[in-house]
Amino acid sequence: DTAVSQTPKYLVTQMGNDKSIKCEQNLGHDTMYWYKQDSKKFLKIMFSYNNKELIINETVPNRFSPKSPDKAHLNLHINSLELGDSAVYFCASSHPSGAETDTQYFGPGTRLTVL
Amino acid sequence: SQKIEQNSEALNIQEGKTATLTCNYTNYSPAYLQWYRQDPGRGPVFLLLIRENEKEKRKERLKVTFDTTLKQSLFHITASQPADSATYLCALDEDSWGKLQFGAGTQVVVTP
């Protein structure tokens, strides 16, 4: 199946821990994104990579560090987790930026719960 | 400051009727506007994109209008079905790098 996949789907962890979420897309897209959706359902962009290069870096604590080993993968590592990090994190991908038709394809989400 | 506003109240509608959702924005000059559907526990799914020079776009039972003077987009679901029940999000591009800003979404509930 062609898609954007994320692992894990659920992540429950203690405050202060470090965790990673992985994302892979097999759509041949050059651009990948991380979004955070909080309890109020607002979907906010965090990061974007184009061909492994960081192009969008919103005001996100530097405890969050994205890593793109290749253009099909974008992982999110979070250090020293806090209660406020609890949310659903979505990965997405799209055709090359600037192509105007930046339709984004979203993964199924990772629900992170920090206790 | 920039804002994207969608009706926060759920839209309850009877099967067969037309659902109309509103997306208003301020302090943006988007080149295009997109609508996505999100089901509980799932990621958003792209539905339609309309460019700033287009007034209307259709796809099957869906219709989107875009008025850059009013800074508003309307999203219509005609002949609605219970399977159309979901949250619908509008999104605007903020730059040419695919940076989308999403509205909070409007939940649509279609009852038989």
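The shown structure was predicted, so the numbers you read here are calculated from the model rather than taken from an experiment.

1. Some points on the pairing of strand β7 (residues 62–67) of chain B
Residues in a regular strand point their side chains to alternate faces of the sheet.
All names here are of chain B.
Next up, step 1: Sheet topology note: the strand β6 (residues 56–59)/β7 ladder contains four bridges and is antiparallel. Within β7, the position partnered with Arg58 by the bridge is Lys63.
Next up, step 2: The antiparallel hairpin formed by β6 and β7 contains two residues in its connecting segment, where Glu60 sits at a positive phi of about 55 degrees.
Next up, step 3: Where β7 and strand β8 (residues 72–77) come together, six bridges link them in antiparallel fashion. Among the inter-strand pairings, Val64 is bridged to a residue of β8, identified as Phe75.

2. What to know about the state of the cysteines
Next up, step 1: A full pass over the atoms with the stated rule returns two disulfides over all chains.
Next up, step 2: Sulfur-sulfur distance for the disulfide between Cys23 of chain A and Cys91 of chain A comes to 1.9 Å. Across the disulfide from Cys23 of chain A to Cys91 of chain A, rotation about the S-S bond amounts to roughly -75 degrees, and the bridge is consequently left-handed. With a gap of 68 residues between them, Cys23 of chain A in strand β3 (residues 19–25) and Cys91 of chain A in strand β9 (residues 87–94) connect regions that are remote in the sequence. Accessibility assignment for this pair places Cys23 of chain A and Cys91 of chain A in one class, buried.
Next up, step 3: Shown here is the disulfide that connects Cys23 of chain B with Cys90 of chain B, its sulfur atoms set 2.0 Å apart.

3. Regarding the sheet that holds β7 of chain B
All names here are of chain B.
Next up, step 1: Ordered in space as β1-β3-β8-β7-β6, the five strands form an open sheet in which the pairing is antiparallel. Two strands in the sheet have a free side with no partner beyond their single neighbour: β1 (3–6) and β6. Looking at each pair of strands side by side, their axes are set apart by 15 degrees on average, direction ignored.
Next up, step 2: Here β1 pairs with strand β3 (residues 19–26) via four bridges, running antiparallel. Bridging across to β3, Ile4 finds its partner in Tyr25.

4. Some remarks on the environment of Leu11 of chain A
Residues and elements named next belong to chain A.
Next up, step 1: Following the sequence through the fold, Leu11 ends up in strand β2 (residues 10–13).
Next up, step 2: Each C-alpha atom, one on Leu11 and one on Thr110, is 7.1 Å from the other, the two residues being 99 residues apart in sequence.
Next up, step 3: Once you skip the residues sitting within four places of it in the chain, Leu11 turns out to touch Lys19, Ser20, Ile21, Thr110, Arg111, Leu112 and Thr113.

Rules used throughout
- Within each chain, residues carry numbers counting from 1 in the order of the written sequence.
- Chains carry letters from A onward and ligands carry numbers from 1 onward, assigned in written order.
- Only residues with pLDDT of 70 or above have their local features reported here, since the model is predicted, and side-chain atom pairs are shown and tallied only from 80 upward, although totals for entire chains, interfaces and linings are computed over all residues.
- Calculation of side-chain values draws on the structure's entire complement of heavy atoms; hydrogens and water are dropped beforehand.
- For two strands to be treated as a pair, DSSP must find at least two bridges joining them.
- Numbering of helices and strands starts at the N terminus; helices are DSSP runs of H or I of at least 4 residues and strands are runs of E of at least 2.
- The disulfide criterion used throughout: a pair of cysteine sulfur atoms within 2.5 Å.
- For the exposure calls, accessible area comes from a 1.4 Å probe over protein chains only, and a residue counts as buried if that area is under 20% of its type's maximum, exposed if over 50%, partly exposed in between.
- Lines fitted to the C-alpha atoms define the axes, with helices restricted to the stretch that makes contact. Angles between their N-to-C directions range from 0 to 180 degrees.
- Should any heavy atoms of two residues lie within 4.5 Å, those residues are counted as being in contact.

In short, geometric facts, not functional conclusions.
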